[in-house]
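Chains, contacts and geometry: an overview
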Amino acid sequence: RNIAMSSDGKFLAAANYLPNTIVLLNSADLSVAKVIEVRDIKGHASRVSAIYQAPGRSSFIAALKDAPEIWEISTDPNAAPVAQGFVHSHEQGMVEALPVQQGLFPVRRMEIGEPLDDFFFDPAYRSLLGSSRSGDRILVVNLTTGQTVAQIPVGGMPHLGAGISW
C-alpha cells in the first residue's frame, strides 16, 4: 500500500494489502528485519490502509483498513514493553502474567470507532487525525492515551490525509 522510513533512517516499513503484513526492512541493505502479520485484536486478517513515520515518537503508525485499530510500532530498541489487554489487577493473590513485546518493533494497538483510510498528525505528533471513505467526520486520536478524543463532523466525505485540515 505504501512505505515509510523511520525517523533515524535505519528502517523501512512496507504496508501490504496482500499478504496482510507489515514488512520491516533494514534500510542499509533491504534485508528483512521483521514481518508482522496484520490481524486485529480478535484475530481477523486486515489490510493496512496507511503507514507513516512519527519522528518525535520514534515509531511507525499504521491504520488497519478492515478493522477499527491503529498500531504504533516502535523503532527504539530501548522502548518500554508493550502489553496487550488488562494490565493491572488489585485482587489479592492475582499474578500478572501478560505476554509483552519488548525490543524493536513491539505493536501497540489502539482501538478506535471505525477503520481509517488515511490520516495525518498534528505538528507535535501527539494527535492523529483520520478519515474513512464511508464517514462524514474526522476522528482525532490522542497517541499517548490511544483514545479517540474528538469527532469532528464535516459536510460529506473529507479529502483524505492532510487535505482534511483547514
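Here the structure is a predicted model, which means the values were calculated and not measured.

**Describing the sheet that holds strand 14 (residues 147-153)**
Spatially, 4 strands are ordered 11-12-13-14 in an open sheet, and the strand pairing comes out antiparallel. Pairing within the sheet leaves two strands with one partner each, and these edge strands are strand 11 (118-121) and strand 14. Across the sheet, the mean angle separating the axes of adjacent strands is 25° when strand polarity is ignored. In this sheet, strand 12 (residues 127-131) lies alongside strand 11 in antiparallel orientation, the contact comprising 4 bridges. Bridge pairing links F121 to L128 in strand 12.

**Some words on the nonpolar core**
By size, the foremost hydrophobic cluster in this structure holds 18 residues, and its most contacted members are I22, L24, F60, W71 and I73. Looking at this core, the elements with two or more residues in it are strand 2 (11-15), strand 3 (21-26), strand 5 (48-54), strand 6 (59-64) and strand 7 (69-74). Among the nonpolar cores identified, the runner-up in size contains 14 residues, and A63, I112, L128 and L143 belong to it.

**Brief notes about the packing of aromatic side chains**
Per the counting criterion, the structure on display carries 4 aromatic pairs. Measuring from centroid to centroid gives 5.0 Å for F11 and F105, while their planes differ by 85°, and the two rings are edge-to-face. Of this pair, F11 sits in strand 2 while F105 sits in the loop between strand 9 (100-101) and strand 10 (107-111), and the two are 94 residues apart along the sequence. In this structure, F11 and F105 share a single accessibility class: buried. On the basis of an interplanar angle of 80° and a centroid distance of 5.0 Å, the ring pair of Y52 and F119 is categorised as edge-to-face. Of this pair, Y52 sits in strand 5 while F119 sits in strand 11, and the two are 67 residues apart along the sequence. Y52 sits in the partly exposed class, given a relative accessible area of 26%. Among the aromatic residues, those joined into a cluster by ring pairs are Y52, F119, F121 and Y125. Stacked on the ring of Y17, the Lys or Arg R47 has its end atom at 5.0 Å from the ring centre.

**Things to note about the pattern of salt bridges**
Throughout the structure, instances matching the rule amount to 7 salt bridges. A salt bridge links K65 to D117, with the shortest nitrogen-to-oxygen separation between them at 2.3 Å. Of this pair, K65 sits in the loop between strand 6 and strand 7 while D117 is found in the loop between strand 10 and strand 11, placing the two residues 52 residues apart along the sequence. Members of the salt-bridge network, linked through shared partners, are R57, E72 and R108.

**Quick notes on the pairing of strand 1 (residues 2-5)**
Taken together, the 4 bridges between strand 1 and strand 2 define a ladder with antiparallel strand orientation. Bridge pairing in strand 2 links I3 to A14. If you look at the hairpin formed by strand 1 and strand 2, you'll find 5 residues sitting between the two strands, and G9 has a positive phi there, around 80°.

**What to know about unusual backbone geometry**
Going from L18 to P19, the amide bond is cis rather than trans, its omega being -10°. With respect to the element layout, P19 can be found in the loop between strand 2 and strand 3. Positive phi, normally seen in glycine, also occurs at S58, with a value near 50°. Mapping S58 onto the fold places it in the loop between strand 5 and strand 6. On the accessibility criterion, S58 (29% relative accessible area) is partly exposed. Even without glycine at this site, F105 takes up a positive phi of about 65°. We classify F105 as buried; its relative accessible area is 3%.

Parameters and conventions
- Residues numbered from 1 in each chain as written.
- Predicted model: local features only at pLDDT ≥ 70, side-chain atom pairs only at ≥ 80, totals over all residues.
- Heavy atoms only, no water.
- Pairing = 2+ DSSP bridges.
- Helix = DSSP H or I, 4+ residues; strand = E, 2+ residues; numbered from the N terminus.
- Axes fitted to C-alpha atoms, helices over the stretch in contact; angles between N-to-C directions.
- Core = buried A, V, L, I, M, F, W, Y, C linked by side-chain atoms within 4.5 Å.
- Buried < 20%, exposed > 50% of the residue type's maximum accessible area, 1.4 Å probe, protein only.
- Phe/Tyr/Trp six-rings, centres within 6.5 Å; stacked < 30°, edge-to-face > 60°.
- Lys NZ or Arg CZ within 6 Å of the ring centre and 35° of its normal.
- Salt bridge = Lys/Arg side-chain N within 4 Å of Asp/Glu carboxyl O.

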